[in-house]
Structures are given as structure tokens and as C-alpha cells.
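Descriptive structure summary
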Amino acid sequence: MIDVIYAEREVLGLPFAEKVISRIPGAAVVTIDRWEDLFYRKKQNYALQKKERKLIIGRNRGSFVMEGSGNCQSGGAEVFKYCSFAKNCIGGCDYCYLQGMMRSGNLLAFANMEDCFSEVEAVIEKEQVSEDKRMLLAVSYDNDVYALEGLFGYVKMWSDFVNSKKRPGFTVEVRTKCGTKSFIDRADPSSGSLVFTWSVSTGENIRRFERVTSTLEARLAAASYALDRGFRVRLALDPVIAAGRDWKEGYRDLCERISLLGMGERLDAVLTGGFRIPADYLKIMRRNAPCSPVAFDTYEVRNGTAGYPAEKERAISEYITKALTKIAGVPEARIFSYDKDGT
Amino acid sequence: MIIIHTALYFEAEKAIKHYGLREIKDVALPVRLFKNGEGSVALLVSGTGMTNAIICVSSALTYLRAGRGDLFINFGIAGAAHGSEGILKTGEIVRAIKCSSRNGRPFYPDVIYKSSFKLAEVVTVLGPLDEISHKYGENGLPAVLDMELHGAFTAANMFLGPEALIGYKVVSDMAEETRSKGGLIDRNDAETVVSLAWDGLFEEIDRIGKEAAERLSEEESAKTIPDGAEEAFGELCERLRLTFADREILKNRIRRDALLGIPAGENVERLLKLLKEHAPKTREERELFFKNEVMKDPFEGGDPVD
């Protein structure tokens, strides 16, 4: 429950800020000069802030669009970018890289989305995106914007953006762990440029390592509903958490569920890869998440990224690919494994 | 430790009695500092103004070795700012959510520990007749004027995080009215509101102190090696002649296993027993034992797809 909203003086009065504030009645609204004054304070306690989240609404004066991380998969697109207009999310996942990346545990939402869309237009033009040079823009890595659609309405904005004109080869990916179906109805699948990716894991991993996220059943049901509504849908079995005695059993069970829902062949792509994180983030994550078993597993650092030892990484990839093809019925060409290609 | 800061002695008097504090006599201290016998509560009286607050808070927190788990609480009288007269009453306590001054950026303490008092902006001014040039108390947030908080928070933030900085102000007067009278307030009236305010504050401070201690104890209990198993862990590392880096790897593994359900003490004892059975002698044998036995993942299973 958010009890304090910090809003930049500059964004107060903008429809976005007013709408968000009106949706949290009873919260104290504190006017601030710049969001950075709050977000980058000294000696913040990330874990405590995460438990008692406040919301900051600001204006992004820098870039919205950045190069996609080499630790993520584009699912076959030649140009891979990510867009950050909201930071931190309401979920609490033990393996989340945000714990190693963010100085603050508070939610941050930018109100100047028109600047964001202009920048995206410019990037599409600069990259000469076409059917032959496809671009994937991931818009929800730093925040589960789908889960917060009722508060921010970002998914609707992106849906309107992709439907406003034809941009061949351009795809926006909204990744989520939320199982609410009603938000799907806010978006329009007609352009084919909006892809929903449900991040899924085993039921046991969800129970053990995630908080304030939907159940596996709800996520798969939402994914199935989105497919029925005509959306391109992906599943991200990413990161694969190989912890606990029964992790392999868990992923087998997950693939069986995908198969039972008849989703295997209808999926646009399945993205997978073992847990990995920039080594610098892992150090901070261990401090910020002292009770996360994932943070304290044994990792190897390769090219600045900490991940499972190479042998284990390969074994995970092979096992998951096998389970996805043999049990879930996903064509191998649609499986994008971090270990396999890293793109 | 709860560290209370007031500008004036009369603002501190009731807390000194309540917590049974005794003054620390140390010539090196440029500040009046009090502490209780257990060392759980300390109180400093800085004198009025931002400069006094910065110097005295820095000195006292250095002297007290303030750090993780400590709380810094500023308390004092404040005037309801122009525009907040209708929202605040004399004698009302507010808790700072924003602290601004003409010097530097506003400071935002994190209100993590819940409060039963109104949240307010505290504007730190140079004196009762000081003109305020920046905007304050916007969006219906009440505002009060004091003379120390911005300095006190800036200094305390060198030692403690924003979640550990708490500012309480009791409304002693309406600032505009006081200005028109030359900036003076009645000392007897101020003493009365301060005394009544403490009666309302002790309960909240005790609750917050307890919550903070519980959170610290949670963090402490997540320590890798429980106290009882430290010796066995040391012996294990010594016998294997582990490097510092390998010790850390092993510590993290034991911590992960503990979080997944294998108690750390039990795990260390098991490894030590295994080591005594295998008794590797050469460096190569020890390295192999570490890799194949110590670091063997107890959670690895077969392949259920086949």
C-alpha cells in the first residue's frame, strides 16, 4: 500500500500525474524538485524501502531507449533495445537483478511518455527498421508495467503507439508475471507489433522465491487468453533457477502444463537461460537481499557476468530445451536459449 | 541505540528524566551529551541554529560510533508556517517527510516506521525573522519552521541511512504572528507544549525502537555461520587451507543451503566429519576434496525427462 507519493513540481498538473495521484486516495503528496534527489540519496536501505514502498513521479530528462543487454535474448530480432520509463516493481523476487542495480527500492514512474515515444520513433528511423531488419523493444525490464497497468496505464499507451501507424519489423515486448486477464483487453492485437511475454517458473520456485506475483496457473491462463485474443505471446522460462532437490521435476511439470493448454505450437517464442547477473550487481544483491538463496549460490564470472558454472549452464539449457520440445511441444526453432546463442 | 537531538536543554529535560540519562563529561566533546546505563538511549543538546546542529550532531555521532541499527531522532519546537495555520494547532506534533532550507537540496527522510502523527515539511530557517525564498507546503502538505533540522539530517546522514532519520516537531506558535511580535515566543508556553508533546512521543519512539531492533536482529540472524558453528567452520577452512576467496565461496554455499533448509551448523559438522574420514594430505588432494566433496551440490538430482 503506497502511503506517500513524491511528485516533481514540473509534472504536477500533467494528466498522467493527476491520474496516478487520484488512483491512490489518502496518500500524502510531497512536492519535489527532481526525482534524482530522492532516488539517489546516500545510504539508502533497499530492502526496507522495498517493504514499505513509496512512489516517485518524475520527468526523465535523459534517454529512454538503451541498448538491450547482452544477458537477455531478443528472440531473433536484429536490433535489440530496451526502454525504461518506470523503475522497480511491486513484485519481490529473490533473483531479481534490480536488487543489484537500483540504489532505491521505491517505485519511480516517468510522466513524459510523449518524449519517450518521440525518441522511439527516432530510433526506428535511425536503425532503418524493416521486415529485414527487425527491432525488439523491451519495455518492462525495470518494472512489471503490466502488473501496474491499473495504476499507470502504460500498456494501453504502448498499444495505442504501435497501432497509431504501421512500423514494419518493429515489435514492443511487454514482459510480466501478472495473471490478470482484464489488462489484455485494454490492448489491441491488430498491428501484430505488441507481444506479451509471461515470465514463468516452476510452482515451487514461485512459492519459494517470489512474492506479490501471480500463480503459475494464473500466468499460463492469461497467456492462453492473450493467444485466443490474437496476440503474439512468448513465455520466458528465464531465469531458470536450478535450486532445490526437485527443480528438474518442477520444470517438467511446467512443460506439461504448457502442453495441456495446447500452447506449445502457438507461442511466438520461448526464451530461456540459467540465472545470470552482472558480477557487480551480484555483490550489491547479496547485500540487499540477505535472505535470497539465489543470491548465495555458487557462480562463475565470465565476461563480467556471474552465472552458473559453464558445465551446469549447458546442462540446464539442454534439459530445458529437451523438456520444452519433448513435453511442451514447442518447435526447437522458437526456443531461444541464453547459453545457446545469447541473442 | 536511539540518539535524540534537541537544540535546547528545556526541550530535552523530560526525555533525560524519562530514560534515566546521565551527562557524559568529556572535554573533547563540543556538545552536551547524555546516555543511559545500558547505552540504549543517548541525547545531545546542540544549541540553536544549523551550524550548531551540524557540528554537534557530527561530533556526537562520531563519539557514539553511530551506525547500522541506530536511530537518530530530532525533536523540538517549531512555528506553523504561513499557509498552514488552518491545518496545524499549537501543541500538535508533526513528523518530517521533507526538510528544506535555503542551503542546498531538500532532504527526504524515509518514513518506513509508521507514525501516528501528521506528516509535514520542515523548513529550516536562520532565525524567526528569516525570509523564506523557496516554495514550501505545496499540495496541502502542512509546513513548520525550525532552525536545525536540515543541518541535523545532513550531518546524521553521513552515519545513518534516511530510514533511520526521524524528525518530530511540536507546534509552539504560528510563525507569522510571532514575526509580527518581533520573533519572540513565551518560554512558559513553549515548555508546556514540549512537556505535553513528550508524553505523546515516548510510546511511538519505544515502538519504533523495538521495530528497528527486530529488523536488525533479523538481518543478524541471516548471518552465514551461526555463533556455535564458527569454530567448526574455522577448523574446516584451516584443515583445507582455503584461500580467502574459497572461504567466501564456501560461506555463500553454506548460507544458500541454510536458506534452502539445511541448518548451517549441521552442514559444517557434516563437512568436517567427511574431511576427517577422507583426510586429504597433499595440496592436490585437498583441492580435489574441496571441489568434489565440499562444493558438491546436495540439491542436484537426476533427469526426469528421460
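Preceding block: the structure.
Attention here is on the structure that accompanies the text. (Residues numbered from 1 in each chain as written. Chains lettered and ligands numbered in written order. Predicted model: local features only at pLDDT ≥ 70, side-chain atom pairs only at ≥ 80, totals over all residues. Heavy atoms only, no water.)

Description of the overall build of chain A
Looking only at helices and strands, chain A features 12 helices and 18 strands. Against the compact-globule benchmark of 20 Å for 343 residues, chain A has a radius of gyration of 19 Å, which places it among compact chains. Counting only C-alpha atoms, chain A reaches 55 × 45 × 35 Å along its principal axes. Each of the 343 residues in chain A was classed as buried or not, and the buried ones make up 62%. A fraction of 77% describes how many contacts in chain A between residues 6 or more apart in sequence connect residues 24 or more apart. If you sum the accessible surface of chain A, you get close to 12,900 Å²; carbon and sulfur atoms cover 50% of it. Side-chain charges in chain A split into 50 positive and 46 negative, and the spacing between the mean points of these groups amounts to 3 Å. (Helix = DSSP H or I, 4+ residues; strand = E, 2+ residues; numbered from the N terminus. Rg over C-alpha atoms; globule rule 2.2 N^0.38 Å. Buried < 20%, exposed > 50% of the residue type's maximum accessible area, 1.4 Å probe, protein only. Contact = heavy atoms within 4.5 Å. Areas by Shrake-Rupley, 256 points an atom, 1.4 Å probe, with all protein chains shown as cover. Lys, Arg positive; Asp, Glu negative; His and termini not counted. Charge placed at Lys NZ, Arg CZ, Asp CG, Glu CD.)

As for the nonpolar core
With 120 residues, the main nonpolar core has Phe85, Trp158 and Trp198 of chain A as its most contacted residues. For Trp158 of chain A, the contacting residues outside a window of four places in its chain are Cys83, Phe85, Met113, Cys116, Phe117, Val120, Leu137, Val139 and Val172 of chain A. (Core = buried A, V, L, I, M, F, W, Y, C linked by side-chain atoms within 4.5 Å.)

Section: the packing of helix H6 (residues 230-240) of chain B against helix H8 (residues 264-278) of chain B
Residues and elements named next belong to chain B. Two numbers describe how H6 lies on H8: the axes approach to 9 Å, and their chain directions differ by 35°. When you trace H6 past H8, the crossing you get is left-handed. Note on element contacts: H8 touches H6 through Val268, Glu269, Leu271, Leu272, Leu275 and Lys276, opposite Ala232, Phe233, Glu235, Leu236, Arg239 and Leu240. (Axes fitted to C-alpha atoms, helices over the stretch in contact; angles between N-to-C directions. Left-handed = near helix turned anticlockwise from the far one by under 90°.)

Here we look at the interface of chain B and chain A
Contacts between the two partners involve 45 residues from chain B, matched on the other side by 47 residues from chain A. Summed over both sides, the interface between chain B and chain A buries roughly 4,000 Å², with carbon and sulfur atoms accounting for 53% of that surface. When the shortest N-O distance is used, the salt bridge between Asp37 of chain A and Arg105 of chain B registers 3.5 Å. Seen at the junction of chain B and chain A, the total is 12 residue pairs in polar contact (both at pLDDT 80 or more). (Buried area = accessible area lost by both parts, 1.4 Å probe. Salt bridge = Lys/Arg side-chain N within 4 Å of Asp/Glu carboxyl O. Polar contact = N/O pair within 3.5 Å; in protein donor to acceptor, adjacent residues only side chain to side chain.)

As for the pattern of salt bridges
Residues and elements named next belong to chain A. Per the counting criterion, the structure on display carries 54 salt bridges over all chains. Across the pair Glu10 and Arg61 runs a salt bridge, and its minimum N-O distance is 3.0 Å. You can see Glu10 sitting in the loop between strand S1 (4-8) and helix H1 (15-22) and its partner Arg61 sitting in the loop between strand S3 (55-58) and strand S4 (65-67), a full 51 residues away along the chain. On the accessibility criterion, Glu10 (45% relative accessible area) is partly exposed. Judged by relative accessible area, Arg61 falls into the partly exposed class, the value being 33%. For Asp94, the salt bridge goes to Arg211, with nearest N and O atoms at 2.4 Å. Of this pair, Asp94 sits in the loop between strand S7 (92-93) and helix H4 (98-101) while Arg211 is found in strand S12 (residues 210-211), placing the two residues 117 residues apart along the sequence.

A few points about the side chain of Asp142 of chain A
Residue and element names in this part refer to chain A. Residue placement: Asp142 occurs in the loop between strand S9 (135-138) and helix H6 (149-152). Buried charged residue Asp142 carries no salt bridge. Nearest counter-charge: Lys87, at 4.2 Å. Of the polar contacts made by the side chain of Asp142, one reaches the side chain of Ser84; its length is 2.9 Å. In this structure, Asp142 is in contact with Tyr82, Ser84, Ala86, Lys87, Asn88, Cys89, Tyr97, Leu98, Met101 and Met102, ignoring residues within four places of it in sequence.

A word on the sheet that holds strand S17 (residues 305-307) of chain A
Residue and element names in this part refer to chain A. The three strands lie next to each other as S15-S17-S16, forming an open sheet whose pairing is antiparallel. The open sheet is flanked by strand S15 (276-278) and strand S16 (300-302), the only strands paired with a single partner. Averaged over all pairs of adjacent strands, the angle between strand axes in this sheet comes to 30°, irrespective of strand direction. Across three bridges, the pairing between S15 and S17 is antiparallel. Within S17, the residue paired with Arg276 across the bridge is Gly307. This element, helix H11 (residues 279-288), spans S15, S16 and S17 of the sheet and lies at about 100° to S15. (Pairing = 2+ DSSP bridges.)

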